[in-house]
Amino acid sequence: MINEPYLTLEQIDAAAAFLRSRIRFTPKIALVLGSGLGGLADSIPEADIIPFEEIPNWPRSTVEGHVGRLVIGMLENQPVMVMQGRIHFYEGYSMSQVTFPVRVMKRLGVEILVVTNAAGAINPAFVPGDLMLILDHLNLIGMGGMNALYGPNLDEFGPRFPDMSQAYDRALNELARRAATENGITLREGVYVGLSGPSFETPADLRFLRLAGADSVGMSTVPEVTVARHSGMRVLGLSGISNKANLDGDTPTSHEEVLGAGQVIFPKIEKILRSVIRAM
Ligand code: HPA
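Because the structure is a prediction, the values reported are computed rather than measured. (Residues numbered from 1 in each chain as written. Predicted model: local features only at pLDDT ≥ 70, side-chain atom pairs only at ≥ 80, totals over all residues. Heavy atoms only, no water.)

Ala118, Gly120, Glu201, Gly218 and Asn243 are the nearest of the 11 residues found near the ligand. Ala118 places a main-chain nitrogen or oxygen 3.3 Å from a nitrogen atom of the ligand. When the ligand sits alone it has 260 Å² of accessible area, and the protein chains cover 95% of it. For the shell around the ligand, the secondary structure elements donating two or more residues are strand E5 (112-121), strand E8 (216-218) and strand E9 (234-244). The residue inventory of the shell around the ligand, partitioned by class, reads 6 nonpolar, 4 polar and 1 charged. (Near = heavy atom within 4 Å. Polar contact = N/O pair within 3.5 Å; in protein donor to acceptor, adjacent residues only side chain to side chain. Areas by Shrake-Rupley, 256 points an atom, 1.4 Å probe, with all protein chains shown as cover. Helix = DSSP H or I, 4+ residues; strand = E, 2+ residues; numbered from the N terminus. Nonpolar A, V, L, I, M, F, W, Y, C, P; charged D, E, K, R; others polar.)

In terms of nonpolar packing, the biggest core is built from 53 residues, with Leu19, Trp58, Leu70, Val104, Met105 and Leu113 touching the most fellow members. Residue contributions to this core peak at 6 residues, all from helix H1 (residues 9-22). For Val104, the residues in contact, after removing those within four places along its chain, are Ile12, Ala15, Ala16, Leu19 and Trp58. Leu40, Ala47, Leu175 and Ile185 belong to the second largest nonpolar core, which has 32 residues in total. (Core = buried A, V, L, I, M, F, W, Y, C linked by side-chain atoms within 4.5 Å. Buried < 20%, exposed > 50% of the residue type's maximum accessible area, 1.4 Å probe, protein only. Contact = heavy atoms within 4.5 Å.)

It is worth spelling out helix H5 (residues 170-182) at this point. With 13 residues, H5 extends 18 Å from end C-alpha to end C-alpha; this agrees with the ideal 18 Å at 1.5 Å per step. Residues of H5 that are buried: Leu172, Asn173, Leu175, Ala176, Ala179 and Ala180. The buried side chains of H5 occupy one side of the element, clustering within an arc of 155° when seen end-on. Along H5, the residues that are exposed and aim more than 90 degrees away from the buried face are Arg170, Thr181 and Glu182. The distance from a side-chain oxygen at the start of H5 to the backbone nitrogen of Ala171 is 3.1 Å, and the residue carrying that oxygen is Asp169. Looking one or two residues past H5, Gly184 carries a phi angle of roughly 65°, positive in sign. (Expected span 1.5 Å × (residues − 1). Arc of directions from axis to C-beta.)

In this section: unusual backbone geometry. In this structure, Pro198 follows Gly197 across a cis peptide bond, with omega equal to 5°. With respect to the secondary-structure elements, Pro198 resides in the loop between strand E7 (187-194) and helix H6 (203-211). For Asn57, which is not glycine, the phi dihedral falls at a positive 70°. Among the structural elements, Asn57 can be located in the loop between strand E2 (48-51) and strand E3 (69-75). Using a relative accessible area of 33% as the deciding quantity, one classes Asn57 as partly exposed. One non-glycine residue with positive phi stands out, namely Thr221, at about 70°.

Turning our attention to the side chain of Glu91. With respect to the secondary-structure elements, Glu91 resides in the loop between strand E4 (78-84) and helix H2 (95-98). The buried charged residue Glu91 lacks any salt bridge, with Arg86 as its nearest oppositely charged partner at 8.2 Å. There is a polar contact of 2.7 Å between the side chain of Glu91 and the backbone nitrogen of His88. In this view, Glu91 contacts Arg60, Ser61, Thr62, Val63 and Arg86; residues no more than four positions away in its chain are not counted. (Lys, Arg positive; Asp, Glu negative; His and termini not counted. Salt bridge = Lys/Arg side-chain N within 4 Å of Asp/Glu carboxyl O.)

See below:
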């Protein structure tokens, strides 16, 4: 089966117990930092730093631009847990493994999940370097049969058929808008579509996604958000626009381009996230 193995509550709690023994903070806020955006974690002073490979049952990050460690410490006077690097379905992990960290966060008491990603612009008004507040997502990978909650339901986290009508929290969106204004940063808004990857889209894929209502496209985030909402966590999502999606077939897309754009996007994302966390 595509989605095995399913990780169990015992495996989740083993990771949570290990982390509890290693960290000095009890974070209520967790951040997942996407491709080329991991630098925020480096600015947390005297953090507890735990490489993914030390944590029981925790998948390893295999992608360049993803460091692969947890950084736990104080950011803007709030205890936060930062995933510096994430796990993607295209690396060969099951959806249960991809979303394992979110479940561990929940067991540790995290209530708010902030997700960031690098994404291609489908909306023709967006340019590389833009930031987009994710208002909603298209779970195309889930519609294709690889929903993050596929498999046995873990009743301790949430119901078999969870509501997704407000996947992204309206009050947190408002904090992000205010933070952007305060910092003089233009914040785009739109719908993110989550695909499996790892190949980038064909021009026909992209025209289809545009017709379907997507503004940005990427290979992550949707599984984590689905599992976070299943267990009642509040979610804020930001896409860093790394490239123009190639609707006409004239300009190739590369991972180097995605990582390079991170350097432009990173200072903006950092300012917004710091302001938002301060206001939480
Ligand atoms: N497509 C899919 N995923 C991406 C892209 C893209 O153009 N850019 C960054 N992640």
